[in-house]
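Fold and contact review
Here is how the chains run, residue by residue.
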2 protein chains.
Amino acid sequence: MKISPLQKARYEYSPKLPGMLRNGISEICVKEGEETQSVADQEAIKALFPNTYGKKEITFERGENTSAPKKQVVGVILSGGQAPGGHNVICGLYDALKATNPDNELFGFKNGPSGLIDDDYLVFDDKYIDEYRNTGGFDIIGSGRTKLETQEQFAIAADVCKKHGITAIVIIGGDDSNTNAAVLAEYFAANNTGVQVIGCPKTIDGDLKNEDIEISFGFDTATKTYSEVIGNIERDANSAKKYWHFIKVMGRSASHVALECALETQPNICLISEEVAAKKMSLSQIADYIADSVEKRAAKGMNFGVAIIPEGVVEFVPEFSALIAEINELLAGAKADAFNALPTWAEKYEFIKNGLTKESFEVFDILPQGIQQQLFLERDPHGNVQVSLIESEKLFSALVADKLAQRKAAGTYTGKFNPLHHFFGYEGRCAFPSNFDADYCYSLGYNAFMLIQYGYTGYLSKISNLSNPASEWVAGGMPITKMMNIERRHGEDKPVIKKALVELDGKPFKFFEANRDQWAEETCYVYPGAIQYYGPAEVCDLTTRTLALEQE
Amino acid sequence: MKISPLQKARYEYSPKLPGMLRNGISEICVKEGEETQSVADQEAIKALFPNTYGKKEITFERGENTSAPKKQVVGVILSGGQAPGGHNVICGLYDALKATNPDNELFGFKNGPSGLIDDDYLVFDDKYIDEYRNTGGFDIIGSGRTKLETQEQFAIAADVCKKHGITAIVIIGGDDSNTNAAVLAEYFAANNTGVQVIGCPKTIDGDLKNEDIEISFGFDTATKTYSEVIGNIERDANSAKKYWHFIKVMGRSASHVALECALETQPNICLISEEVAAKKMSLSQIADYIADSVEKRAAKGMNFGVAIIPEGVVEFVPEFSALIAEINELLAGAKADAFNALPTWAEKYEFIKNGLTKESFEVFDILPQGIQQQLFLERDPHGNVQVSLIESEKLFSALVADKLAQRKAAGTYTGKFNPLHHFFGYEGRCAFPSNFDADYCYSLGYNAFMLIQYGYTGYLSKISNLSNPASEWVAGGMPITKMMNIERRHGEDKPVIKKALVELDGKPFKFFEANRDQWAEETCYVYPGAIQYYGPAEVCDLTTRTLALEQE
């Protein structure tokens, strides 16, 4: 099989472990910390996790390894969307497992959590693992979105583990998957299966973050990849001097990705969904905000710019959410038949006009026709509007064009406005992990095995102090229950790890807020360029601006 | 001004010159070769270029510099679309010019050829130049698309040169710009202005290529950038295993970019416009060709894939070109009024049905409605269809979906088809130049100055033997007239440099052709990763697969 020169070179890279894990397996001992409490709803969470709640935070340090010399058979699962570094979690896990005891085994369950239920797996060996070291993708065993959450699934999982003599499961996933890891750990403990469960924090969205998880893996590489191409587009805009680029970036609910890219590239505009929601901004207000930048720049002779739009922003616009809810109601079930029977868009439009409230129709009416039609014509099997399909980058550029036409008529704007559109998401989820993600992920996996070896369950593999060099990173574990609270989900109270949104009083946003007026009017672009794996440390090993600002 | 860590590091990079230019200015002498003939239409070209035709090819070699010690004042112009490395051409030119005589001056005419006409310029100094070394973009002086081709423009250009004492102009551009450079050189010579003109071959499209120009600059970096993100998407496809990605890549008429990306990443499908034209393929045949791959992969359980679509492909489909011509005719001038007056799309559709020939209507009828409407509703100021706006990646995925629906009904196909769409163009035009482009461009500029210093005009700066290490590169110059033939353009016979299309009997296409059946059915993806500027030479210094195959 042909591989690229970079892939070949990356095979040779040795990921950096935290200093305390570098002395060999026999020199890793545990230091137990305080017993933990969940961040909220302590009584409820404790009641749900009687066997795994309240355990102690632990850190590893140099010292005699006192773990029991039992043979370990570990199963690993990749859950959910791809994130750069997933392969390295498995490599680190494998290396620690084999270094501890060559008879230990690592099973990889295929295509996500369903692999455990379906008993679909492979057993890793050196040759197989070596083909995935420091590479992107989840193709090592595939991933999937099946959720492990029912008692029936847990019972099957227990049977599969028993069949193979599996002593521990490592789940690599986002907030939901780690929540499910905690529930599975509790089930295994309650049923005395002897199987431990360890979670690893993955998501490019950056919304799995709290006082214990400084950053989820993949966020660094994905945002560096997006920032590379955004920076290239900025330089193109600043060279051609005739286009406004509207760039949508992945990240469904939180705007961490957009904010990090903005901090890296200093575009003229970056919308932050959390701010849109907090200020209850209307589409018109957002369009005016962008049009102000276009107008000011045009007045200086700069008819070009770059605007970053977070994927999920329209859902954070209150009037737009209300419109979507009304449309879903208007076309629910059989009501859609009358609508679908109307032969022309003009007739459908009348139907819509009569069916929506005045407020929602006004919102609907300012949308470009392409988006209007998409809202009504492309709905999911339940008849709901598919919000994730809305091309919000085109929506906002169209609204801005309308605003500019009004301003031109009013005589306040005399520039030219040529918008171009981009969406970046799939480009970054499977990039070769940056040195940071390669190191971090390898450490997460290596550390996960140490947690297993020392008998912990329901823990998250935790590596911290990440804005410092890897030699100073701190390795340990945290009970997943500590990060939980109770939230209403699908009409039920559920224990979940809270999703981290962008905090409007946090340092990353504050830095952005303090600078964005200048960025909007002037050309302050920064061009990060492609991720570098070799060369000067300040080019190759720095992690995100978000983390640097948070840990300042 | 804030700059990225990579930009800072790239300032320190020393581009590699051809071995023969490394011994210092005083050790560069000229070796004249044979007198040249244009590639075709010799008499006609000779008649048009009486003062600059038939000059000798030259190469530089190590030896005593015998050029006249005259003070040089050089003007440089960036023409047309951005290509990575343009800044380095100017840096190389500047360094050679200052090394020859510190009193020499370099003028940069701003925003393209119009800068020369408008006398809009800056004078470079060390501080300014140093901020652009090894960076992407054309923002150093801006670029533009004004063509220098009229006698009036030439006369103004001569006046501007005289005013500043300019002794030579360097034009950095594509085939048209270099054609115009030759015409300007002839004008300056015929009018005894004493001003020389040198061209440098730029374009990411790769279509400025012939026996004298092995590769145009920027093609290497742009295709590496596209291949990076295409490879990332392939890895995502192979991990998620549920999407077919249709990826359009820039390159308006020739498919060099698409082919190079395919050679780098081994996707399941890559259309080559030149083949589509040669085989007179219909849209339906192309859709069937892609659907065959989808079906075969689905039969193996692989409901995912990657298809590369060259930007200009629809213009190479004979039936589609015919349709466009009919639409342009149908709505020419006042005829559009009747069409525009029709209130509904249904009525417009009837108008179209009645106005097109049966053959063209059949082509029109299989297009998805979005594309149909685009063809009729979004036309340029002359009423013509804007072919470059056609989202051909969406067009083909829609046609493939239709084919698959038929096959499903026929029972031959039982898979799932979820297409996603991408367009990559602006992402690659302003990337930090690869080491190859940084070296090549710096050499082109350095070499351009040596041609000036030795008194040549109407020459192209030529660096060859490029698939070997830079130490073995050959520096010299070639009369631009040698590359010319006569072509019909806008109803006139014009001397032009011939655009190079993908040769279907050339080694790059032959290699692709020999492998594509396997790539279509199996998963042979190669993941090139991000451009590396540091690290192992085989990762950092190799140029394109196209050039490697051509020079094999």
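Computed from a prediction, not measured in an experiment: that's the story for all the values here.

It is worth spelling out the packing of helix α14 (residues 345-355) of chain A against helix α15 (residues 358-366) of chain A at this point. Residues and elements named next belong to chain A. Contact geometry for α14 and α15: axes closest at 10 Å, N-to-C directions at 150°. Considered as vectors, α14 and α15 are oriented roughly antiparallel to each other. Two secondary-structure elements touch here, α14 through Trp-345, Tyr-349, Ile-352 and Lys-353 and α15 through Phe-361, Phe-364 and Asp-365.

Another point: the packing of helix α3 (residues 86-100) of chain B against helix α18 (residues 435-453) of chain B. Residue and element names in this part refer to chain B. With their axes 6 Å apart at the nearest point, α3 and α18 run at an angle of 40° to one another. If you check the angle between α3 and α18, you find them oblique. For the element pair α3 and α18, the recorded crossing hand is right-handed. Residue-level inspection shows Asn-88, Val-89, Cys-91, Gly-92, Leu-93, Asp-95, Ala-96, Leu-97 and Thr-100 of α3 in contact with α18, the latter providing Ala-438, Cys-441, Tyr-442, Gly-445, Tyr-446, Ala-448, Phe-449, Ile-452 and Gln-453.

It is worth spelling out the domain arrangement of chain A at this point. By a frequent convention, interface size equals the accessible area lost on bringing the separate parts together. All names here are of chain A. Each assigned domain of chain A is listed here: domain 1 (16-218 + 433-497) and domain 2 (219-429 + 506-550). Averaged C-alpha coordinates put domain 1 and domain 2 at centres separated by 35 Å. Contact between domain 1 and domain 2 buries roughly 1800 Å² in total, counting both sides, with carbon and sulfur atoms accounting for 53%. Of all residues in domain 1, Ile-204, Asp-205 and Asn-435 give up the largest surface area on contact with domain 2, accounting jointly for 29% of the area buried on that side. Seen at the junction of domain 1 and domain 2, the total is two salt bridges.

Going through the model one piece at a time under the given rule, you end up with 71 salt bridges over all chains. The partner of Lys-358 of chain A in a salt bridge is Glu-362 of chain A, and the shortest N-O contact between them spans 3.1 Å. Placement of the pair is Lys-358 of chain A and Glu-362 of chain A together in helix α15, with a separation of four residues, close to one helical turn. We classify Lys-358 of chain A as exposed; its relative accessible area is 60%. Between Arg-407 of chain B and Glu-295 of chain B there is a salt bridge; the shortest N-O distance is 2.8 Å. One end of the pair, Arg-407 of chain B, is in helix α17 (residues 392-410); the other, Glu-295 of chain B, is in helix α11 (residues 283-299), with 112 residues separating them in the sequence. Look at Arg-407 of chain B and you get buried, because its relative accessible area is 12%. Via salt bridges that share partners, Glu-57, Glu-211, Asp-212, Lys-462 and Lys-482 of chain A belong to a single interconnected network.

Looking now at the packing of aromatic side chains. The geometry of an aromatic ring pair comes down to the distance between the two centres and the angle between the two planes. The tally for this structure, following the rule as stated, stands at 50 aromatic pairs over all chains. Arranged with centres 6.1 Å apart and planes meeting at 35°, the rings of Tyr-442 of chain B and Tyr-446 of chain B form a pair that is tilted. Taken together, the residues span about one helical turn, with Tyr-442 of chain B and Tyr-446 of chain B both in helix α18 at a distance of four residues. Given a relative accessible area of 10%, Tyr-442 of chain B falls into the buried group. A connected cluster of aromatic rings, assembled from ring pairs, spans Phe-339, Trp-345, Tyr-349, Phe-351, Phe-361, Phe-364 and Phe-376 of chain A. Lying across the ring of Tyr-13 of chain A, Arg-10 of chain A places its NZ or CZ 4.3 Å from the centre. It is Lys-248 of chain B that lies over the ring of Phe-423 of chain B; its NZ or CZ is 4.7 Å from the centre.

A few words now on helix α12 (residues 318-330) of chain A. Residues and elements named next belong to chain A. Taking 1.5 Å per residue as the helical rise, α12 with its 13 residues ought to reach 18 Å, and the 18 Å between its terminal C-alpha atoms agrees with that figure. Residues of α12 that are buried: Phe-320, Leu-323, Ile-324, Ile-327, Asn-328 and Leu-330. Along the long axis of α12, the arc covered by the buried residues comes to 165°, so they all point the same way. On its buried face, α12 is in contact with α11 (283-299), α13 (335-341), α14, α15, α16 (369-377) and α17 (392-410).

Thresholds, definitions, all that
- Residues numbered from 1 in each chain as written.
- Chains lettered and ligands numbered in written order.
- Predicted model: local features only at pLDDT ≥ 70, side-chain atom pairs only at ≥ 80, totals over all residues.
- Heavy atoms only, no water.
- Axes fitted to C-alpha atoms, helices over the stretch in contact; angles between N-to-C directions.
- Helix = DSSP H or I, 4+ residues; strand = E, 2+ residues; numbered from the N terminus.
- Parallel < 35°, antiparallel > 145°, perpendicular 65-115°, else oblique.
- Contact = heavy atoms within 4.5 Å.
- Left-handed = near helix turned anticlockwise from the far one by under 90°.
- Domains from an automatic or database assignment.
- Buried area = accessible area lost by both parts, 1.4 Å probe.
- Salt bridge = Lys/Arg side-chain N within 4 Å of Asp/Glu carboxyl O.
- Buried < 20%, exposed > 50% of the residue type's maximum accessible area, 1.4 Å probe, protein only.
- Phe/Tyr/Trp six-rings, centres within 6.5 Å; stacked < 30°, edge-to-face > 60°.
- Lys NZ or Arg CZ within 6 Å of the ring centre and 35° of its normal.
- Expected span 1.5 Å × (residues − 1).
- Arc of directions from axis to C-beta.

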